[in-house]
Structure formats: structure tokens, C-alpha cells
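Survey of secondary and tertiary structure
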Amino acid sequence: MPRTRPTYDVEKHLPLKPLVFQILLGLADGERHGWSLVRDVQQRGGFGRLMPGNFYRTLRSVVDAGFIEESASRPAAAEDDDRRRYFRLTPLGEQVAMAEARRLEAAVLEARARKLLAKRG
Amino acid sequence: MNGGLRRRLYSLLLLAFPRSVRREYGREMTELFESQLEDARQAGTSRFQVWSMAITDALRHGGAQRAEPIRSVLVAAGRSVRRWRWWMRAFFHDVRYTLRVVARRPAVTLLAILTLALGIGANTAIFSAVNAVLLRPLPYPKPDRVMMLFEKRPAEGAFDNPASPADALDWIAMNTTFDTMAAMTPAPVDLTGSGDPVRVSAGAVTPRFFDVFGTQPLFGRTFQSDDAVPGKNRVVVLGHSIWRERFGGNSSIVGQTVSLSGVPHVVIGVLPETFDFPDDTLRLWVPLSFTTATPTRTLHYLNMYGRLKPGVTLDQARADMDRVGAQLLQQYPDANRGHGVHLNSMTAQLKGPIRSPLLLLVGAVAFVLLIACVNVSNLMLSQAAARRREMAVRAAVGAGRARLAGQMLTESIVLGLLGGAAGLLVARWAIAALRNVAPVDTPLVGLQHFTLEPRVLVFTVVLSLAASVLFGAMPAWYLARQNLNDTLKDAGRSPASVRRRVRVALVVSEIALASLLLIAAGLTIRSFQSLLNTEAGFERDHVLTFAITLPASRYRTPEAQVAVFRSIESRLQTLPGVRAVAATSHLPLAGNDSRRGVGIEGREPTPDTPTRAHVRAITNEYLNVMGIRLKQGRPFGPADTDDGSKVIIVNDTMARRYWPGTSPIGKRLQLGGETEWREVVGVANDVRFWGLDRPVNPEMYLPLGQYPTSFATFALRTDTAPSSLTAAAREQIHAVDPDLPVADVQSMSDVAADSISSRRAGMLLLTVFGGLALILAVAGIYGVMAHLVALRSSEIGIRMTLGAQPSSIMGLVLREGLAQALAGLAIGMAGGVLVMRTFRAMLFEVNPADPVTIAAVTVLLIAAATLACILPARRAMRVDPVEALRS
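Residues numbered from 1 in each chain as written. Chains lettered and ligands numbered in written order. Predicted model: local features only at pLDDT ≥ 70, side-chain atom pairs only at ≥ 80, totals over all residues.

Each partner contributes residues to the interface: chain A has 12 residues there, and chain B has 18 residues. Of all elements in the fold, only α2 (34-44) and α3 (52-65) of chain A reach the threshold of two or more residues within the side of chain A that touches chain B. Here the side of chain A that touches chain B gets six residues from one element, more than from any other, and that element is α3(A). Here the side of chain A that touches chain B is built from residues that sort into six nonpolar, three polar and three charged. (Contact = placed C-beta atoms within 7 Å. Helix = DSSP H or I, 4+ residues; strand = E, 2+ residues; numbered from the N terminus. Nonpolar A, V, L, I, M, F, W, Y, C, P; charged D, E, K, R; others polar.)

Counting 223 residues, the largest nonpolar core has V368(B), I371(B), L517(B), A773(B) and I781(B) as its most contacted members. In terms of residue count, helix α10 (residues 346-386) of chain B provides more of this core than any other element does, 18 residues in total. Setting aside its immediate chain neighbours within four residues, L517(B) contacts A364(B), F367(B), F769(B), G770(B) and A773(B). One finds V41(A), L59(A), F67(A) and V21(B) within the second-largest nonpolar core, a separate group that totals 32 residues. (Core = buried A, V, L, I, M, F, W, Y, C linked by C-beta atoms within 7 Å. Buried ≥ 20, exposed ≤ 12 C-beta atoms within 10 Å, placed from the backbone.)

A word on the sheet that holds strand β3 (residues 86-89) of chain A. All names here are of chain A. Taken in spatial order, the three strands line up as β1-β3-β2 in an open sheet, and their pairing is antiparallel. Looking at the sheet topology across the chains shown, the edges are occupied by β1 (32-33) and β2 (68-70). As defined by bridge partners, β2 adjoins β3 across three bridges and the pair is classed as antiparallel. Its bridge partner being in β3, I68 is matched across the sheet by L89. (Pairing = 2+ DSSP bridges.)

With that settled, the discussion passes to the packing of helix α2 (residues 19-43) of chain B against helix α3 (residues 47-66) of chain B. All names here are of chain B. Where α2 meets α3, the closest approach of the two axes is 10 Å, and the angle between their N-to-C directions is 160°. As the angle between them shows, α2 and α3 are arranged roughly antiparallel. For the element pair α2 and α3, the recorded crossing hand is right-handed. Residue-level contacts link V21, F33, Q36, L37, A40 and R41 of α2 to R47, V50, A54 and Q65 of α3. In the contact of α2 with α3, the residues fall into six nonpolar, two polar and two charged. (Axes fitted to C-alpha atoms, helices over the stretch in contact; angles between N-to-C directions. Parallel < 35°, antiparallel > 145°, perpendicular 65-115°, else oblique. Left-handed = near helix turned anticlockwise from the far one by under 90°.)

Looking now at the packing of α3(A) against α3(B). Direction vectors running N to C along α3(A) and α3(B) enclose 25°, while the axes themselves pass 8 Å from each other. For the element pair α3(A) / α3(B), the angle class is roughly parallel. Contacts between α3(A) and α3(B) pair P52(A), G53(A), N54(A) and R57(A) from the former with D57(B), A58(B), R60(B), H61(B), G62(B), A64(B) and Q65(B) from the latter. Of the residues contributing to the contact of α3(A) with α3(B), the split by class is three nonpolar, five polar and three charged.

Our next topic: the pairing of strand β10 (residues 303-308) of chain B. The side chains of a regular strand alternate between the sheet's two faces. Residues and elements named next belong to chain B. Counting buried positions along β10 yields six of six residues, so the element is predominantly enclosed. Both faces of β10 are covered, namely the face carrying N303, Y305 and R307 and the face carrying M304, G306 and L308. Both strand β3 (residues 178-192) and β10 contribute to a ladder of six bridges, which runs antiparallel. In the sheet register, M184 faces β10, and the bridge partner there is N303.

What follows is about the environment of N54(A). Mapped onto the elements, N54(A) comes out in helix α3. For N54(A), a count of 19 C-beta atoms within 10 Å corresponds to the partly exposed category. Sequence separation between N54(A) and L19(A) is 35 residues, and the spatial gap between their C-alpha atoms is 9.4 Å. In contact with N54(A), other than residues within four places in its own chain, are D57(B) and H61(B).

For the rest of this paragraph, the subject is the environment of A117(B). All names here are of chain B. You can see A117 is positioned in helix α5 (residues 106-135). Given 23 C-beta atoms within a 10 Å radius, A117 is considered buried. The residues contacting A117, other than those within four sequence positions of it, are G419, A422, G423 and V426.

Of note, the bond from L14(A) into P15(A) is cis; its omega dihedral lies within 30 degrees of zero at -10°. Secondary-structure assignment places P15(A) in the segment before α1 (18-26). Not every positive phi belongs to a glycine, and D744(B) is a case in point at roughly 50°. You can see D744(B) is positioned in strand β22 (residues 743-747).

Residues and elements named next belong to chain B. Counted residue by residue, strand β12 (residues 543-549) has seven buried out of seven residues, so it is predominantly covered. Pairing between β12 and strand β21 (residues 711-718): seven bridges, direction antiparallel. Along β21, the bridge assignment pairs A547 with T713.

What follows deals with α2(B). A rise of 1.5 Å per residue sets the reference length of α2(B), with its 25 residues, at 36 Å; its end C-alpha atoms lie 34 Å apart and thus fit the reference within 8%. Along α2(B), the helix axis deviates most sharply at Y25(B), where the bend reaches about 65°. Taken together, the buried positions of α2(B) are V21(B), E24(B), Y25(B), E28(B), M29(B), L32(B), F33(B) and Q36(B). Along its buried surface, α2(B) packs onto α2 and α3 of chain A together with α1 (3-14) and α3 of chain B. One or two steps after α2(B), the chain reaches G44(B), where phi turns positive at roughly 75°. (Expected span 1.5 Å × (residues − 1). Bend = angle between axes of the 7 residues up to and from the residue.)

This is how it looks when you write it as C-alpha cells:
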């Protein structure tokens, strides 16, 4: 029996704040703990210095919005560290992230068409 | 900076975040911050910059998260505001509509507002009085703990006697249920030195008096136990008002010396403005000290106050004081024969006597408001009739019934609130007027709160809204329940019969309320009349009175006291316009008193029939000046001095009680504690000494020369208005002694008036409210009759076409109006008599079913009702039959 994916009204959440999108992006390939997530976002750059208050407040709001959830599963005890909290995308979060990506893609295509971006070779 | 310190500093910053965030993410946040610092170090940038960013970050995001709960409340509030907005929009639409309606009919609106203003204003004023003197707790900490104690003599039916000094000290020492207990007696003192000499009333109190009331001084201190020791007792505590008026509100007064009756006293403290004692004539306070080693047990003049220990009930305290009383009775069987201790909470003692008169007034103003509401309701009903079509049209274009009723209710509320606002103006004026008739013969606490204070304003708003619903309900119901289709089809003809019954019922109830009030007013007027006509035993017209107290420092001997009173008397005698002058130690109706046990020759007192009499020292002309008739024997003469044989005049009551069946002339008696015999030489008519409505007790008059006092009230019988002689009399007294203050200058008729001022206040107010009710009821009858005549104009036209005479038409209208008036009258009379039966205590020698009152109210109401019907009746007579039939 094919699993029917629930559909959400994702449009009302768009556009996402850049940091929110980056968090969703960071979790796109699997669950991570907060610390690894923040390093990932920081590495992709674009935020200058990412300060703890700002990051964790945003993280909380993303949890509250239901885009991500705390994961119950944990890595083996040896590599675990009890201050680590693990997060993963919810189905809503995944759809919202996809919708935002499409929106950004459309924007980029449009920018290209209007010669705002040089065509890459 | 090492890692530990860094982490500690950062954890301080984390305090900006809510605790839940710190718990969940605190460690990760610290870790992230440290990595930022590390990055900066590696990049060679300033770590100071990272720190300042961290501070901004913490304040901004931490603060935002802390504000989250408030924000969510605001969001929820916003949601409900949106929901309410619809209702409010409807309401404001109705208000705007109402204002248009109101503006279209300014006369009707003004009439309604005025009517409501009278009703609401009167209620606000009376509630303000009730609030000030009944509802507010006494202005002391834990006021229900404050008690008043009295000596009781059940055999004589007396439960509020003052205590004797020896008993008072024993009560204080022997009780186990009071935290503190204290005695007080008013003592007039002459304040000299700073400005004109004035006589003021001081409260002489035992040291812990102010502890009973929980009063802290504004400056300095109150009394301590050694202040009562004779010799150390030259100290005074100033009341707030005299401190401000006489000493300029200067705090440096503490420690200075003032002269009280010629004796220097050191000011040790000033009381706060908030100290409110029932006897507001007491303006300063001195220690009460007993100069004799063994205080007397036979003179009773101390008012006793106490504060109960925490947890002690009134009943426990009563049992305790009963025990004390019984023990004292055992120890002093002679002095305390038949005596006990009675106690009551100060609240009950003070508020008890005024509760019932005030409640009667509350009822009276409530009736006035009810009548006002009926009138406005009637007014709106006639408007509603005219607006049936308008309402029907609005309904036809989609307004629901609830919406229409809501519109009517909104109109009522707008009218009610406007009436309430105007009522506040009425109340302000009424309160000023009421303050002038506030009784002076009843102790009241809290009169300074007799204003439009916030609690009163809330009452007014609530009352206005309640009145709106009351008078708006009928028209709203009437409009909402009508059949809209019929109305539209009928194009304006109204089902008069239904509304007529309703309106007639309204008028009848209105007249019933008014006549009930008039009965109450009439009965109090009659009571007051019979009070004024009471044989007082003296002639109060053309008598000027004033009091003089001799300072003990300058008039030490009884001879000196008698001499100065005599020389004042003879000087006053020379004044033109003065017919006769006399002095007495105790003036009737003035409030002070003195009583002694007497031994009557040949009559042994028994415990159940003690022989006591009230003592008055008088000069020879006293009975003559006061117009007190001598029934038997002779008045005092020049021979009745200290050297002559001791003589006495008794009043009629004393003669009948102690020498029943025989003439007392020539009989002898001894004053308690004396061995000398005094011979009765005269019997004087009874004088209503204690109040025009109070019974007479045994009284005896002694010549001042044989019974000297240091205080006297002079009475001058004058040819002209008594007040015209005040200045001249003062001059003569100051010619004798420039430092003698003259106090309580009053005509005897004013003294008498003051003694019945609470009855006068009750009578005046009930009369005003009764009059108001009558006017409103007459307006109501007029309105309804005018409306009925207008409705029946076609019927009247037919009658006239068929040959009815104008006079019979007039009779028709008058009959109808008077029938309503009589129905209301009958109901109201019965109610009035019943109500006044429960308030019988307010009546004096008048039966609640007094025929004169009933007849007067009947005549008054019928005359008023006829007047109200005549205008509509004349209009009915002038109906043009042709015109009436055509329309």
C-alpha cells in the first residue's frame, strides 16, 4: 500500500528567514545535534558571526513551528554526550524547506534571465 | 582570561534568557560562544568585539524570549478584541443613532435627564452619607476590637452610665480580656498665651488611651504611665486641628510650653489628622490624674474604652467584666449596690442609633428614584408608540428583534448615564446642603468622608445603569414584541388598550410610592411639631446663654469663685436690653450633668430604690430668667448665702418620688457624703433637662453661694434678639477679668434646636424627598392623562357629536385621573403606615396611623392629581368634533 504523504499548506510559512532555511538545510541529510548544526550553518557562511542567543532562539522557534523535532534516537553511548540534543526534519519542515528552495530557485532563475547573474560557464 | 572565568562571565550573560532556555541550551550556547572567541583569536580579530556582540545578542534575544508570554497574552487579547469589535461597532452605531434621536427631541430628552438627575442625585447624596458614617469601618486599626464600657444599673434600666474613677481603675487592673483599657472625661480648659484666650475642650485620659485606638503621634509622643503622676502631669498632646490653627502647624511646638487654664503645660506630641474621635469638640489631650489618694467611687463621669486581646470574643469579654463587676459589688456593697459592667463594640455603639434613620432615608430616596424611573419609562413608552413605524421599517430591512431591543436598551443606557452625570451635580449640591443639617446631637465618625469619593462614584454609575435597565425594559419589550407586519399595514394606529393598562398601572404605582413617602414625611413633621410643642418647663425665647469656667490657678477658693460670678452677674444686669441675669452650673439640653446620692430624712434607701438626684447650683434669679414656674414655696433670696441656713428647691418629679402624697416644703435631706441637713423651701416645675423627648428625673437646685462651682453658664433674659447682646456681654466679662474666655455663646432657642437636630434633619430630608416624589408623581399623572386624551380624541369627538357637554367631557377625564390617584393613594397609605410602624422609634407622640397626617396627605395628593388632570381635561373639552372625526 503506497504511503500517502500528508500535504501541508506550506505557502503560509514562506518566505523563510534565511537562518531558518539554513537550519532546515543543515538537517536535510539526516539528524544532527545542535552543536554540529551550528558549525554546519556557520561553515556555509553568510551570517557573519552567528551568536548563541540568536541561533538558539531561532532553533526554538523552528521547533515551535513544527519544522523540526527533537530526535529520540541517539548514537551509541560512547560517542554520545548528554548535553547534545539531536534534531531532525519533520515532514512539514521538509516540505517547507523544499518549497523555500523552489522559491529561491525561481528567484535565481529570474535574476539570471534579467542578467543580474553572469551565466556560469 | 582563563576558561573558567570566561565561562562564568558568559553564564552571567545567560541570565538574560528565561530559565527554561538556559536549562535546555545553556551549555551549548556557552560552547558556541567559546568557539566564536577561538575563531576570533585565530583570525587575529578583537575578542572585545566578540564580547560586545555577545552582550547585545543576549540582551536582544534573551529579552525577546522573556517577553514571549506577554506577547502571547497580547495576541490572545487582540483576538478577543476583534470578536468584541463587532459588538462594539453595533453598540457605537446604536449610540450614534441614539444621539440623533435625542437631538431630534431635545425637550423630551432634557425632561428625562432632569427627572433621572433628581432621583440619582438624591440617592448618591444619601449613599454618600451612608458610606461615610455606616459602611466605612471606624478609622482605627482592627476597629472591631475597640470596645466601649459602661456602668450598668439594671434595676434602673440604665446601661450606659459613666464609671467612677475608683471603679475605672479597678476595671483596668482586674480584667483579663483586654489588651488595653483607658478612661476619658472631657475637661474644658482655657488656652491662653498664643492669641486670644479661648475655651477649648480637652480630653483628660489615662495613659494608655491612645493605645486603645492604635494612634501614633504625628510628632513627639503620647502619654506614658508616669505622665499621670500628680506633679508630673503638666503635659499636653495637641489635636491636629488646634495645632494647625493655633500653632501654625509648626513641628517645633513639641517641647514648648502652653498655658492651660493658667497652668503651664509642656507639649509632648501632636496627633495625626487621621485621628477621628466621636466627640470632635475635644481638641487637645491631657493626662487624667486623680489628686486624692483614694479616688471616689460615688462620682460617675468617666467614659471607658478598651481594646480586646486577639482572639477574645465579645461574649468572653462580657463574662470577664461581669466577674469584675460582681467582685467589686462584693467588695464595696454600699457604693456599688446594683452596679455592673456593660460593654459593647464601639462600632455598634456609634452606628446603632443612626442606622435606622439612615435606612429610612435610603428607602425614601430609592422610592424617589423608582418614581423617576416610572416617569421616564412612561415618557419612553409614548416615544416608542411614535416610533413603532420606524422600528418596523428597520425590522423589515433586516434588523433582528434582539438588535432592535438592543437599540432601545442603548438609548436607555445613554439616557441613564447622562442622567447620572447630571445627578452628580445634584448630589454635589445636595451634599453641601446635607452637611448643614447634619445632626449635632449624635456622635458621628467619618463625616469628613461625606463626599463624592470614588466608592460613591462607582455607586452612581451602577445605579445609573440599573435605572436604565429598569425604565428601558418596558419600552424595549413593548417594541420588540409587536407584530411588525400589523404595524406596517396599520400605518401608525396603535393597540392603545394594551399600553393603556400598562401605563395606568405605572401611574398607580407611582402615586402609591409618592403617598407612602408623604405619609412618612407627614408623620415625622407631626412628631417634630409635637416635640416643639412639648412643655419644656422653661421659656426658650429671648434668652442668651454662655459658659465660663474659672481657672483654678487664679480662683482658688470657693469664696473667690462665688464672688467673681456675682460681680459678672451684677455687671451684666446693668446692660441695656437685659431684663434679668442668672447663672447655673448645668443648663438644660446642653448636655452636661451631675448626679449625687441623697439621704432623705425619714426614708431609708433600699438597693432597689436608691435615692439620687441631679444637682444644679443656681443664682437667685435663675428660675425667673428661665421662666421655670415655682409650684410651691419660695425662690432663693439674698439671705441664702453660705452663712445662712442651707436650703434647696426640688423639681416636681423629685417631690412626687421622694415625698409621695405630702408637701416636701420644710422636709430635710443630706447630700451623699455630707452631714449637713438642707431644708426644702420650694418645688419647681419639671424641666425637660435631658431632651425634649426624654423623661424627667429628680432634680434639685441649690444656691450657688451654698454649693460653689468653678464653672457656670450665664443666662440673660433680653428684650431684643439675644445675639445682639453678645458683644456687650463679652465686654462686661472682660472688664471683670480680661483673661476669662467666654464659651458656647448661644441663644436658649438654639440650644433647644441643637438638642433635636437629628430629628430635624430626618424630618427635613423626608419632607424634601416626599415633595420631590409628589412633584414627579404629578408630572407622571399629567403625562399619562395628556397622552390618553390625545389617544381618545376621536372617541371624545363622537361623544360631543352625540351631544355630550364639555363639562361632562371634563368630568370624564377628571374621573379617570382621580380614580388612578385614589387607587395609588390607598395602596401607598397602607404601606406608609406599615413602614412607619417599624420605624416607630423615629416618631414622637404620634400614632403611625395618625388621622391628621392621613387626611393631609389625601387632600394634598387629590389636589395635586386634580391639578395634573385639569390641563389635559381642558384640552379634551376643546376637541373639535369635526376635526377629531376626520383624522
